[in-house]
Amino acid sequence: MDFNFSEEQLAVRDAARDFAKTELLAGVIERDEEQKFPLEQVKKMGELGFLGMMVDPKYGGGGMDTVSYVLAMEEISKIDASASVCMSVNNSLVCWGLEKYGTEAQKEKYLTPLAKGEIWGAFCLSEPEAGSDATSQRTTAEDKGDYYLLNGNKNWITNGNTASVYLVFAQTDKEKKHKGINCLILEKGQEGFIVGKKENKLGIRGSDTHSLGFTDVKVPKENRLGEDGEGFKIAMKTLDGGRIGIASQALGIASGALELAIQYSKERKAFGKPIHQHQGIAFKLSEMATNIEAARMLCLQAAFLKDQGKDYSKASAMAKLFASKIAMESTVEAVQIHGGYGFVKEYHVERLMRDAKITQIYEGTSEIQKIVISRELMND
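Residues numbered from 1 in each chain as written. Predicted model: local features only at pLDDT ≥ 70, side-chain atom pairs only at ≥ 80, totals over all residues. Heavy atoms only, no water.

Engineer: Can you explain the overall build of the protein chain? Please cite residues and give values.
Structural biologist: Along the protein chain, the regular secondary structure elements total 11 helices and 10 strands. Dimensions of the protein chain, computed from C-alpha atoms along their principal axes, come out at roughly 80 × 45 × 35 Å. Residue burial in the protein chain is summarised as follows: out of 380 residues, 55% are buried. Look at the contacts in the protein chain between residues 6 or more apart in sequence, and 74% of them connect residues 24 or more apart. (Helix = DSSP H or I, 4+ residues; strand = E, 2+ residues; numbered from the N terminus. Buried < 20%, exposed > 50% of the residue type's maximum accessible area, 1.4 Å probe, protein only. Contact = heavy atoms within 4.5 Å.)

Right, dumping it as structure tokens:
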């Protein structure tokens, strides 16, 4: 792996950093408190190309590599994880799935506006009783000849109300178990498709997270993504890339917390000198920085393998497992370094701590990542 970033990769990183500081930082605390989706900011992210970074330019995307995506995700996540999760879902889950498995007609109709950031999408896999166990889909898609009749519910859907395009996974043939699952493309506003309540969350409170309901929704056969029964395969392959996005989000949350902790430790004095000169604080900062750098290397390794067309399932699971752990640990330490001020919203670190926890849960819990890693180890 080349540790030297290209000029293009550095330009993408710098553009994301500038956008985060100039467009996302202002109002981020208020959006968190009010659970307000960063609508205008996400629109600008689309205009700048951050919502379709890796999509082929012929479909309106940026044609960038995954390493550039990791660099941009880290910078956005340092400031606003609610905005970065929208970016992650649109890039890693929705656009990637459509480009990899979609027909040319599907790409022209759905992928192009998604990649251009004119609209954004949602990935609908989790259910009330089928979160980590994606094989236990209770949402059904009954084959009616030229269309599917969709019924069921989905939970914890990012971009649930603001999305225009939804990739929905449903069971068509229960006898075939995971081989009887299909992925269907839905559009917002279809008859029988209802957006449920918005979740009142601990963290990423600006993220638009809703439950969805489907009652006799007619989905044309041409809106099936991939071959019949290929839905589970599509979901698992898509989640491999999704883990890189969430690992990068966790990395950004951790590195953002470290930057704030370093800044505060230089300004805050105790016993006649800045607190970073006290060994207890210095050791905390040193360990945080080392762990974050290790997480960064895991994220970049997974991205590099993906860009090289190599198997990245194990690498992405490792990156997600470790980076999310370090995000949680680093943000807790950042709050501790800030002392009482760390408990105050205006210093940002308490929000980063709350945001960090979700990175250990979505795209598969830490336990699921360990299962993925162990299976890959046995296959090596």
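Engineer: I'd like a description of the packing of aromatic side chains, backed by residues and values.
Structural biologist: Across all of its chains, the model carries 9 aromatic pairs by this definition. A ring pair is formed by Tyr264 and Tyr341, whose centres lie 6.2 Å apart and whose planes are at 55°; its orientation type is tilted. With a gap of 77 residues between them, Tyr264 in helix α7 (residues 231–267) and Tyr341 in the loop between α9 (313–338) and α10 (349–358) connect regions that are remote in the sequence. Tyr264 sits in the buried class, given a relative accessible area of 8%. A relative accessible area of 38% means that Tyr341 is categorised as partly exposed. (Phe/Tyr/Trp six-rings, centres within 6.5 Å; stacked < 30°, edge-to-face > 60°.)

Engineer: Which residues make up the packing of α7 against α9, and what values go with them?
Structural biologist: The interhelical angle for the contact between α7 and α9, taken along N-to-C directions, is 25°, at an axis separation of 8 Å. In terms of orientation, α7 and α9 fall into the roughly parallel class. Here α7 and α9 pass one another in a crossing that is left-handed. Tallied by class, residues from the contact of α7 with α9 come to 18 nonpolar, 6 polar and 3 charged. (Axes fitted to C-alpha atoms, helices over the stretch in contact; angles between N-to-C directions. Parallel < 35°, antiparallel > 145°, perpendicular 65-115°, else oblique. Left-handed = near helix turned anticlockwise from the far one by under 90°. Nonpolar A, V, L, I, M, F, W, Y, C, P; charged D, E, K, R; others polar.)

Engineer: I'd like a description of empty space enclosed by the protein, backed by residues and values.
Structural biologist: Inspection of every chain in the model, using the stated rule, returns 2 cavities of 30 Å³ or more. Approximately 60 Å³ is the volume attributed to the largest cavity. Every residue along the wall of the largest cavity is listed here: Val28, Arg31, Asp32, Lys36, Pro38, Asp80, Ser82, Ile204, Arg205, Gly206, Arg351 and Asp355. Of all elements in the fold, only α2 (28–34) and α10 reach the threshold of two or more residues within the lining of the largest cavity. The element best represented in the lining of the largest cavity is α2, accounting for 3 residues. Counted by class, the lining of the largest cavity contains 3 nonpolar, 2 polar and 7 charged residues. Each pocket or cavity is described by its volume, and for the second largest cavity that value is around 40 Å³. Mapped by element, the contributors of at least two residues to the lining of the second largest cavity are α4 (66–79), α5 (81–101) and α7. With 3 residues, α5 is the largest single contributor of residues to the lining of the second largest cavity. Of the residues contributing to the lining of the second largest cavity, the split by class is 4 nonpolar, 4 polar and 1 charged. (1 Å grid on protein atoms, 1.4 Å probe; cavity = no way out; pocket = protein on both sides within 12 Å on 5 of 7 lines; lining within 4 Å. Points joined across faces, edges and corners; volume = space filled by probe spheres on them.)

Engineer: An account of the nonpolar core is requested, with residue identities and associated values reported.
Structural biologist: Residues Leu285, Met288, Cys299 and Ile337 are the most contacted members of the largest nonpolar core, which totals 42 residues. Breaking this core down by element, the ones donating at least two residues are α4, α5, α7, α8 (279–307), α9 and α10. When residues no more than four places from it in sequence are discounted, the contact partners of Leu285 are Leu258, Ala261, Ile262, Ser265, His276 and Ile337. Within the second largest apolar cluster, 26 residues are counted, among which are Tyr101, Phe123, Val165 and Phe169. (Core = buried A, V, L, I, M, F, W, Y, C linked by side-chain atoms within 4.5 Å.)

Engineer: So what's going on with helix α3 (residues 39–47)? Which residues, and what values?
Structural biologist: Within the span of α3, buried status applies to Gln41, Val42, Met45 and Gly46. Projected down its long axis, α3 carries its buried residues within an arc of 145°, all on one side. On the buried face of α3, the contacting elements are α1 (7–24), α2 and α5. Just downstream of α3, Gly49 is the residue with a positive phi angle, here 90°. (Arc of directions from axis to C-beta.)

Engineer: Break down the side chain of Asp240 for me, citing the residues and quoting the values.
Structural biologist: Relative to the helices and strands, Asp240 resides in helix α7. Among all residues touching Asp240, those that are not within four sequence positions of it are Tyr312, Ser313 and Ser316.

Engineer: Mind laying out the layout of surface pockets, listing which residues take part and the relevant values?
Structural biologist: A volume near 400 Å³ is recorded for the second largest pocket. Looking at the second largest pocket, it is lined by 19 residues, and the ones nearest its centre are Ile79, Gly256, Leu260, Gln263 and His348. When residues of the lining of the second largest pocket are traced back to their parent elements, those giving at least two are α1, α4, α7 and α10. Counting residues per element, the lining of the second largest pocket draws most heavily on α7, which supplies 6 residues. Here the lining of the second largest pocket is composed, by residue class, of 7 nonpolar, 4 polar and 8 charged.

Engineer: Could you give an account of the side chain of Arg31, with specific residues and numbers?
Structural biologist: Among the structural elements, Arg31 can be located in helix α2. If near-sequence neighbours (up to four positions away) are discounted, Arg31 is found in contact with Leu24, Ala26, Lys36, Pro38, Gln41, Asp80 and Gly206.

Engineer: How would you summarise the pattern of salt bridges if you had to cite specific residues and measurements?
Structural biologist: Taken as a whole and assessed by the stated rule, the structure comprises 22 salt bridges. Residue Glu75 pairs with Arg17 through a salt bridge whose shortest N-O separation is 3.1 Å. Here Arg17 lies in helix α1 and Glu75 lies in helix α4, a separation of 58 residues in the sequence. Overall, the relative accessible area of 5% leaves Glu75 in the buried class. For Arg17, a relative accessible area of 29% translates into the label partly exposed. Across the pair Lys221 and Asp143 runs a salt bridge whose closest N-O atoms are separated by 3.0 Å. One end of the pair, Lys221, is in the loop between β7 (209–220) and β8 (224–225); the other, Asp143, is in strand β2 (residues 140–143), with 78 residues separating them in the sequence. By relative accessible area, which is 40% here, Asp143 ends up partly exposed. One continuous salt-bridge network, built from bridges that share partners, spans Arg17, Glu75, Lys78 and Glu259. (Salt bridge = Lys/Arg side-chain N within 4 Å of Asp/Glu carboxyl O.)

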